[in-house]
Amino acid sequence: MAEQMQLPPQNALFEALSEDAGFFVKAGRLIESGQSEYQAYEVWDTPQYGKLFRLDGFFMTSERDEFFYHENLIHVPCIAHPAPRRALIIGGGDGGSAEELFKYSTMERVVLVELDGKVIDLAREHFESVHRGSLDDPRLELRVEDGLRYVREVAPANGERFDLIVLDLTDPIGPAEALYTSRFFDECKALLSEQGAMTLHIGAPIFQPERLRQLVDNLRAVFNKVSPYFMYIPLYGSQWGMAVASDKLDPRALAAGEVDQRIAARAIDHLQYYNGDVHVAQFALPNYLRRLLA
């Protein structure tokens, strides 16, 4: 007999995925909370995910499931690139994306631009298991400033070029909304090297189909090759979408065996999720997604 369904506990953390649906996580113990200049933050120690943090009531990352998000965001484009050397992260103050980038021995420089310095402070204090020292790696240039201004003004003035641009952002609402427009994508494209690519998350197709469709349309208006791919992320409570956008780089062209060969040749270790079979499978779209993104 199936185990009896349990109602949500009173000490539950809820997150809405749409106006009609959401999910909960048992709260456990509140470690820290407050209001930064930009957003409300909470750090919890939970039974399911260990330490996690939320911004404005939205789950951001946890120490037990962060690899679902960070490994897929970074390795899908990076393994397709012949030798990624320079990367720009917009957002990503928890350091998880930087940690994955530094698994590549070719990586010489990563610029991380985080709007809210409090996110970096929280990561340093509570989430070493996410960043694993990457926030103090000498190859990291850490900038606490507006990512839009950096892409629009600072990087062009300095003649910067990147092999990978990672938009490791909150959802496209509030301060982050301007960073999901075709204009911003075009400004990012201007900073990419010849075989460069941009990677980002695009949301939950079940609960945010129009958002996902619009973001893919915005990417297609700028880049020749837009490759959406999907996985389940436990902390986000849903199937989740990401995309790689480039004029030349196409991660869909790699077979599973080639991906595994590159992982071995580049000595990329400590992967909990990503491998060649996963790389290929995530681009296989069910019919409802094909229609949504047609």
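Above this text you will find the structure in question.
If you're wondering where the values come from, they're calculated on a predicted model, not measured in any experiment. (Residues numbered from 1 in each chain as written. Predicted model: local features only at pLDDT ≥ 70, side-chain atom pairs only at ≥ 80, totals over all residues. Heavy atoms only, no water.)

### A closer look at the overall build of the protein chain
Now for step 1: What the protein chain contains, in helices and strands, is 10 helices and 13 strands.
Now for step 2: Taken against the 2.2 N^0.38 rule, which gives 19 Å for 294 residues, the C-alpha radius of gyration of the protein chain at 18 Å falls within 12% of a compact globule.
Now for step 3: Judged by the C-alpha coordinates and their principal axes, the protein chain covers about 55 × 40 × 35 Å.
Now for step 4: For the protein chain, the proportion of its 294 residues judged to be buried stands at 55%.
Now for step 5: Considering only contacts in the protein chain between residues 6 or more positions apart, those separated by 24 or more positions represent 64%. (Helix = DSSP H or I, 4+ residues; strand = E, 2+ residues; numbered from the N terminus. Rg over C-alpha atoms; globule rule 2.2 N^0.38 Å. Buried < 20%, exposed > 50% of the residue type's maximum accessible area, 1.4 Å probe, protein only. Contact = heavy atoms within 4.5 Å.)

### Focus on the nonpolar core
Now for step 1: One finds Leu52, Ile79, Leu101, Val110 and Ile233 to be the most contacted residues of the largest nonpolar core, which totals 50 residues.
Now for step 2: Among the elements that line this core, the one with the most residues is helix H1 (residues 66-80), at 9 residues.
Now for step 3: Non-local contacts of isoleucine 79, meaning those with residues more than four positions away in its chain, are made with Tyr104, Leu254, Val259, Arg262, Ile263, Arg266, Ile268, Tyr274 and His279.
Now for step 4: Counting 38 residues, the second largest nonpolar core, distinct from the first, contains Val111, Tyr180, Cys188 and Leu293. (Core = buried A, V, L, I, M, F, W, Y, C linked by side-chain atoms within 4.5 Å.)

### Focus: the pairing of strand S5 (residues 50-55)
Now for step 1: Among the 6 residues in S5, 5 count as buried, and that is most of the element.
Now for step 2: With 4 bridges connecting them, S5 and strand S6 (residues 58-62) associate as antiparallel partners. Looking at the pairing, arginine 54 lines up with phenylalanine 59 of S6.
Now for step 3: A loop of 2 residues connects S5 with S6, the two strands running antiparallel in sequence, and aspartate 56 in this loop sits at a positive phi of about 50°. (Pairing = 2+ DSSP bridges.)

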